Structure formats: structure tokens, C-alpha cells
Amino acid sequence: MSRTADLVVAGMGALGGAVALAAARRGLSVVALDPHLPPHTLGSSHGGTRIIREAYFEDPLYVPLVQRAWRQWEELGERRGEMLLRATGGVMIGPPDGVLVSGALLSARTHGLPHERLQAAAARARFPALRLADGEVAVWEPRAGVLFPEACVAAQLADAREAGAALEPGVALLGWQADGAGVRVRTARGEIAAGALVLACGAWLPQLLPAVRDLLQVERVVQAWWAPDDAAAYDPARFPIWIWEFAPGPNPGETRFVYGFPRFEGRIKAARHHAGTIASPDTVAREVSEAERAALHADLAPRLTGLRAGPVRACVCLYTNTPDGHFLLDTLPEAPRVFVASACSGHGFKFAPALGEAIAAWAATDAHPAALARFRWRAGVQPA
């Protein structure tokens, strides 16, 4: 069977769903594929909660994107009649001269964001569940909160379908070939003659795109949930999302982070950021060992009150990382109507609507979005 479409999107997680939705709302004919049944737990768009924050320690350039995405998540929730985003505020904790605190302050000051710098005693008084050491400080920002990823993905896909996108869960992308001004896409249901193809395959991208196989690393990350002794102390009405820079990394200039959430459904969630092992999505160990649970508990228990018992649940999430930790969002040099919409290096979920909007504009106009210029192929991230 041969079909035509303006755009084929491979992958229906957070970013693929956002591209399909934005393109369909633009009036493009869209076919979206996924070999699995999203929202699912096999990739990067799951886990019950995701952080959204404005005072972005990684780089001030992300702030306008996350501000745009915040509005889009709220608008999507209003259209679907669901709460997809809950504002809780956020605190970034660590040494005063550390990567996290200094980076958050740089973004806040660069963009004039509301924030406070709190000494340890002030932070402990405001958030009694957080046990800051006397030498640590916190940056409080009111514009931070929680996204509910499974609900977000489902809402995007439902909106995309209503806007006219053809969604095909359970259908795999088998290959593609540049074809004149477009792309010939092979799927398990036959060929599609498309104007453009977006690869939003996350952890499966290195398998599908040999040119970047040696550049992108898939990382296995453990998320875990605790049932704290004092559940009220972690109520989202009074307890924020948080990120904690807690130890030096294995190489100069690297750091270790742990991050977490308020209580939802009686449990709080936390995870280490960029401390996992290299993996493949099809062979990764999905079970979390007792040793892994114990190691994560050892990081959490001294920093949060009421965690006498270890995690009551744990699961695996996948990051797809570039060498410098920034995103990779660009067309293939040898196939300019194929857009690589990955990797997002473990911090991309929150941006999905804004990135999807920009990529859909590329599909419609063939002009690379100025908002994504920083994420093009660059030194250390180049296809073969």
C-alpha cells in the first residue's frame, strides 16, 4: 500500500506527539508512527511526574523556550479539560559557587525572573522537609512545577487526532530514502511518499540512524518512590520540586545531582540525574535491583525528613545524551527533508510543545527555526 502525506513523524512520545499536534493544527496532512503503544513505559516519556522550571541552570538560552512551553501545556490542558501542569515552585540547592546555584541565578538574572537566594537556615525554615547543610544555599523560583507525562502524551495525541493527524501506534518505521523534494518512508503498513520526515525516536534513534550511533549514548536511569512518615510535609500545596547538587563528579567540572517532587498519591519520587549506565532500549535491564534502591535511598535519606524505609517502587527511564548535554535538533545534511528531533539529554520533556511547534514550522516552510539554532550539528556532535 502506498500513501502520501505532508509529514511523517516517527515516534509518538512527548516530542513526536508535539510535532504531530502542531503540524496537524497547521493544516498539514500528518502520519505519526510508533512501534509501541504510547503512552508507554519503555522510553523517556513516563514516570508519573516531570519537572518544569524557568530558572534554567543549564543555560539561559532555554528560558524563552520553557516559558513558551509552559503556556502551551496550560492551553492543552484547558482544551482537554485536564490538569497537565501543576505549579509548586522549585528550589535549586547546592554549594553557592556550584553549577546548579550559579547557573539558576544566571538564568534568573538574565531574564528578570522572580527568585530568592536563601541561606540554609532560611531554606530549612521555609521547607522543613529539606535538610540543607549549613554551607549550602537554595535558589527559590515560583515559576516551577510538575508535569504529568503520561497524561501529557495522551492529551497531545488525542488533540492531534482531532486536528486530523493519522496516528498509527504499533506500526514501525522500517527505513526511508530521500526522493526529490521529499522522502519515501517505509513502514510496516507500506510506503508513504512524504514531504518531510521527523525522527522523534528517542532511545531508538541510534539504531535507526547509523550516522549518529557513536555520538548519542542511551543512559539507563532509575526513578524511585517513597512513602514518607509525614506525608503532609510533602504536600504539593507547600512543598516544591527540587534539584540538589550533592557531590563532585568523576571528572573535573562535573557534578552529581539528585532531584525530586512533592507527594502525589501518597508517595514522593526522586532520582539521580546523569548517573546511570549505558544501555540499549531493546536489551536494557528493566528491573531495579535492591542495591540500586539502597544506593538511591542513601542519597535521599540524609537530605529529606521521614525517609526511614527504602523505596516502595522503582522503574527505569532512558536518557538519550549528546556529548555536551544540549539538545540535537536539526536536519540531516545528506537528507534535508529529514529532521532529527533528538537527543534531549534527559531534560527535554518540559519543552516538547515549544519544540514541536518549531519543528512543525520547518516542515511547513523548509526554514530552520531560529529558536532552535543552538541545537544544530556542532563540534563534537556531527553525523558521519
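Look a little higher up for the structure.
Keep in mind it's a predicted model, so treat the numbers as computed, not measured.

Draft legend 1. Fine view of the packing of helix 1 (residues 14-25) against helix 8 (residues 352-365). Between helix 1 and helix 8, the shortest axis-to-axis distance is 7 Å and the interhelical angle comes to 50 degrees. Classified by the angle between their axes, helix 1 and helix 8 sit oblique to one another. Handedness of the crossing formed by helix 1 with helix 8: right-handed. Every residue of helix 8 that contacts helix 1 at Ala-14, Leu-15, Ala-18, Val-19, Ala-22 and Ala-23 is listed here: Ala-352, Pro-353, Leu-355, Gly-356, Glu-357, Ile-359 and Ala-360. Here the residues of the contact of helix 1 with helix 8 sort into 11 nonpolar, one polar and one charged.

Draft legend 2. Main features of the pattern of salt bridges. Applying the stated criterion across every chain, the model contains 20 salt bridges. Because the salt bridges share partners, they merge into one network encompassing Arg-79, Arg-80, Asp-159 and Glu-162.

Draft legend 3. Quick peek at the packing of aromatic side chains. Overall, the coordinates contain 15 aromatic pairs when judged by the stated rule. A centroid spacing of 4.8 Å and a plane angle of 70 degrees characterise the contact between Tyr-234 and Phe-239, whose relative ring orientation is edge-to-face. The class for Tyr-234 is buried, based on a relative accessible area of 1%. Between Phe-327 and Phe-351, the ring centres sit 5.4 Å apart and the planes meet at 75 degrees, which makes this aromatic pair edge-to-face.

Draft legend 4. Spatial organisation of the nonpolar core. Core analysis: the largest hydrophobic core is formed by 78 residues, its most contacted members being Trp-73, Val-198, Leu-329, Leu-355 and Ile-359. For this core, the element with the highest residue contribution is helix 1, accounting for nine residues. Non-local contacts of Ile-359, meaning those with residues more than four positions away in its chain, are made with Leu-15, Val-19, Val-198, Leu-329, Phe-339, Ala-341 and Leu-372.

Draft legend 5. View of the pairing of strand 11 (residues 182-187). Strand direction decides the pairing type here: strand 10 (residues 173-179) and strand 11, joined by six bridges, are antiparallel. Its bridge partner lying in strand 11, Leu-173 is registered against Thr-187. Between strand 10 and strand 11, which pair antiparallel in sequence order, lie two residues; one of them, Gly-180, sits at a positive phi of approximately 60 degrees. Relative to strand 12 (residues 190-199), strand 11 runs antiparallel, the two being bridged by five bridges. By the bridge assignment, Val-183 is partnered in strand 12 with Ala-194. Joining the antiparallel neighbours strand 11 and strand 12 is a turn of two residues.

Draft legend 6. Quick look at the packing of helix 1 against helix 5 (residues 149-162). Orientation of helix 1 relative to helix 5, taken along the N-to-C sense of each, is 25 degrees, at an axis distance of 8 Å. When the axis of helix 1 is compared with that of helix 5, the two are roughly parallel. For the crossing formed where helix 1 meets helix 5, the hand is left-handed. Facing helix 1, whose interface residues are Ala-14, Gly-17, Ala-18, Ala-20, Leu-21, Ala-24 and Arg-25, helix 5 presents Val-153, Gln-156, Leu-157, Asp-159 and Ala-160. Classifying every residue of the contact of helix 1 with helix 5 by side-chain character gives eight nonpolar, two polar and two charged.

Rules and cut-offs
- Residues numbered from 1 in each chain as written.
- Predicted model: local features only at pLDDT ≥ 70, side-chain atom pairs only at ≥ 80, totals over all residues.
- Heavy atoms only, no water.
- Axes fitted to C-alpha atoms, helices over the stretch in contact; angles between N-to-C directions.
- Helix = DSSP H or I, 4+ residues; strand = E, 2+ residues; numbered from the N terminus.
- Parallel < 35°, antiparallel > 145°, perpendicular 65-115°, else oblique.
- Left-handed = near helix turned anticlockwise from the far one by under 90°.
- Contact = heavy atoms within 4.5 Å.
- Nonpolar A, V, L, I, M, F, W, Y, C, P; charged D, E, K, R; others polar.
- Salt bridge = Lys/Arg side-chain N within 4 Å of Asp/Glu carboxyl O.
- Phe/Tyr/Trp six-rings, centres within 6.5 Å; stacked < 30°, edge-to-face > 60°.
- Buried < 20%, exposed > 50% of the residue type's maximum accessible area, 1.4 Å probe, protein only.
- Core = buried A, V, L, I, M, F, W, Y, C linked by side-chain atoms within 4.5 Å.
- Pairing = 2+ DSSP bridges.

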